[in-house]
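Breakdown of the fold
Each chain is listed here by its residues.
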Amino acid sequence: MSFHRRQFLVGGAVAAAALLGSRAAFAQTTSSPPAGPFKLDPLPYANDALAPHIDARTMEIHHDRHHQAYVNNLNAAVKDHGQVAQMSLKDILAKLGEMPEAIRTAVRNNGGGHANHTMFWQVMGPNGGAPSGALAEAIQRDLGGLDKLKSDFNGAGARVFGSGWVFVTVTRDGKLALESRPNQDTPLMDGKMVLFGNDVWEHAYYLTYQNRRPDYLAAWWNVVNWGKVGERYAAAAAGTLTL
C-alpha cells in the first residue's frame, strides 16, 4: 500500500471518528438538557395538526430544537444565580434591567424566546374558529375590526427587518394595541401583557414558504385558536394572564 493511500485511509478514519463523536455529543446534549427551573411543555396538538398552513417538519424543528434550546440556555444562564432562578419568567422579563449584567443578554434572548414560544403554541390550533364576545368587541373598538387587524398585523410582520415578532397586547381594562419587536424581545419586558403574537423568524416558516414571509403571515390566520385567545383576553381582565 502506498504512503498516500495509507495517509488517506488514516485521515478518513480520523474524520469519521470525529464526526461520530460530534454526533454522539450532540445526541447527548439534546437528549439530556441541563436541569433547571424552566421546562418545555409538549405541544398541545400533533406536529401535523396545523398543516398545510404550517407543516409537521417545521413544527417539530421549531418546538423540539429551537424552543428547547432557549429553555436550555435560560437554565444555564440562571444556574449560578439562585435568586433569579426562583423568579417567575414574567417577573424576570419585567425586571430585565435589574438582572445581573453577566447574564442579562442571555436572559433577554433566551427568556424572551421561551416566553414568546410558550404563548405561540397556545394561541394556535387546527380548528381556529372566529373571535366572539368581548374579544370581538375589543378588536372592533381598538383595532378597526378583524379584517383591518389582519391587514395591519401582516404589514407590521412583513416590515420586521431580519427576525422578530408581531404582537397584539392587552391591558387590564381590555384595551388592545399592535406592536412588533426585534429578535426575541417581548412586550413583557415593558410590563405589558401579550394577547397573541406571530413569530417571523425564518425558522418558523422557511420550509414551506422560503422567503415569502407575507404568504406565511396571511396563512397563519387559518391556525389562530380564537377560543384560546378569548381565554387569554378574559385572563388579562382577571389579572391572571402570565406569558
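Cut-off values and rules
- In this numbering scheme, every chain counts its residues from 1 along its sequence in written order.
- Whole-chain, interface and lining totals are the exception, using all residues; otherwise, since this is a predicted model, local features are given only for residues with pLDDT of at least 70 and side-chain atom pairs are given and counted only at 80 or more.
- Note: side-chain values were computed over all heavy atoms of the structure, leaving out hydrogens and water.
- Secondary structure elements follow DSSP: runs of H or I no shorter than four residues count as helices, runs of E no shorter than two count as strands, and numbering proceeds from the N terminus.
- Here, residues are in contact when the closest pair of their heavy atoms is within 4.5 Å.
- Computed by Shrake-Rupley with a 1.4 Å probe, the accessible areas treat only the displayed protein chains as cover when residues are assessed.
- Any two strands with at least two DSSP bridges between them are considered paired.
- All axes are obtained by fitting lines to C-alpha atoms, using only the stretch in contact for helices, and the reported angles, taken between N-to-C directions, cover 0 to 180 degrees.
- Predictor confidence is given residue by residue as pLDDT, running from a minimum of 0 to a maximum of 100.
- Each residue is assigned to one of three classes by its accessible area relative to the maximum for its type, calculated with a 1.4 Å probe on protein chains only: buried under 20%, partly exposed between the two thresholds, exposed over 50%.
- When charges are counted, neither His nor the chain ends are considered; positive counts come from Lys and Arg and negative counts from Asp and Glu.
- Salt-bridge detection follows one rule: a side-chain nitrogen of Lys or Arg within 4 Å of a carboxyl oxygen of Asp or Glu.
- An expected span of 1.5 Å times one less than the residue number is assigned to each helix.
- Take the seven residues that end at a residue and the seven that start at it, fit an axis to each, and the angle between those axes is the bend at that residue.
- Polar contact is defined as a pair of N or O atoms within 3.5 Å, subject to the rule that within protein one atom must be able to donate a hydrogen and the other to accept it, and that residues adjacent in sequence are counted only when both atoms are side-chain atoms.
- What makes a nonpolar core is a set of buried Ala, Val, Leu, Ile, Met, Phe, Trp, Tyr and Cys residues whose side-chain atoms join them at distances within 4.5 Å.
- For classification purposes, angles smaller than 35 degrees are called roughly parallel, those larger than 145 roughly antiparallel, those between 65 and 115 roughly perpendicular, and all remaining angles oblique.
- Side-chain classes are defined by residue name, with Ala, Val, Leu, Ile, Met, Phe, Trp, Tyr, Cys and Pro counting as nonpolar, Asp, Glu, Lys and Arg as charged, and the others, Gly among them, as polar.
- We call Phe, Tyr and Trp rings a pair once their centres come within 6.5 Å, taking the six-membered ring for Trp, and we label the pair stacked below 30 degrees between planes, edge-to-face above 60, and tilted otherwise.

Quick notes on the overall build of the chain
A count of helical and extended segments in the chain gives 10 helices and 3 strands. Looking at the chain alone, contacts between residues at least 24 apart form 69% of all its contacts between residues at least 6 apart. Of the accessible surface of the chain, which amounts to about 12,400 Å², a share of 54% is contributed by carbon and sulfur atoms.

Comments concerning the sheet that holds strand β2 (residues 176-182)
Strand order in the open sheet formed by 3 strands is β2-β1-β3, and the pairing between neighbours is antiparallel. Two strands lie at the open edges of the sheet, namely β2 and β3 (193-199), each paired on one side alone. For this sheet, the mean angle separating the axes of adjacent strands, direction not counted, is 25 degrees. Relative to β2, strand β1 (residues 164-170) runs antiparallel, the two sharing 7 bridges. The partner of F167 across the bridge, within β2, is E179.

Observations regarding the confidence of the model for the chain
For the chain, the average pLDDT comes to 90, and 87% of its residues sit at 70 or higher. A low-confidence stretch, residues 1-30 stays under pLDDT 50, and its non-local contacts, those more than four residues away or across chains, total 2 contacts.

Section: the side chain of D199
Among the secondary structure elements, D199 is positioned in strand β3. R213 provides the closest opposite charge to the buried, salt-bridge-free D199, at an N-O distance of 8.2 Å. Sequence-distant contacts of D199, defined by excluding residues within four places in its chain, comprise H62, H117, F120, G164, W165, A204 and Y216.

Considerations on helix α2 (residues 56-78)
The first and last C-alpha atoms of α2 sit 32 Å apart over 23 residues, in line with the 33 Å expected at 1.5 Å per residue. Most pronounced at H62, the bend in α2 amounts to some 30 degrees. The opening residue of α2, the one whose side-chain oxygen lies 3.1 Å from the backbone nitrogen of R57, is D55.

Side note on the pairing of β1
Here is the key point about a regular strand: its side chains alternate between the two faces of the sheet. Summarising burial for β1: 7 of the 7 residues are buried, a large majority. Alignment of β1 against β3, held across 6 bridges, turns out to be antiparallel. Across the sheet, V166 pairs through a bridge with N198, a residue of β3.

Here we look at the nonpolar core
Of all hydrophobic cores here, the largest spans 62 residues; its most connected members are M124, F196 and W220. With 6 residues, helix α5 (residues 101-122) is the largest single contributor of residues to this core.

Re the packing of helix α6 (residues 133-143) against helix α10 (residues 226-238)
Taken N-terminus to C-terminus, the directions of α6 and α10 make an angle of 85 degrees; their axes are 9 Å apart at the nearest point. With respect to α10, the element α6 is oriented roughly perpendicular. Listed contacts from α10 to A134, L135, A138, I139 and R141 of α6 are W226, V229, G230 and Y233. Here the residues of the contact of α6 with α10 are counted per class, giving 7 nonpolar, 1 polar and 1 charged.

A short note on the packing of aromatic side chains
This model, assessed by the stated rule, comprises 13 aromatic pairs. Among the aromatic residues, those joined into a cluster by ring pairs are F153, F196, W220, W221 and W226.

Let's talk about the pattern of salt bridges
Oppositely charged side chains may form a pair once their charged atoms are brought near each other. Tallied over the entire structure, the rule returns 11 salt bridges. Among the salt bridges present, the one from D185 reaches R108, with a minimum N-O distance of 3.0 Å. With a gap of 77 residues between them, D185 in the loop between β2 and β3 and R108 in helix α5 connect regions that are remote in the sequence. The class for D185 is buried, based on a relative accessible area of 10%. For R108, a relative accessible area of 36% gives the class partly exposed.

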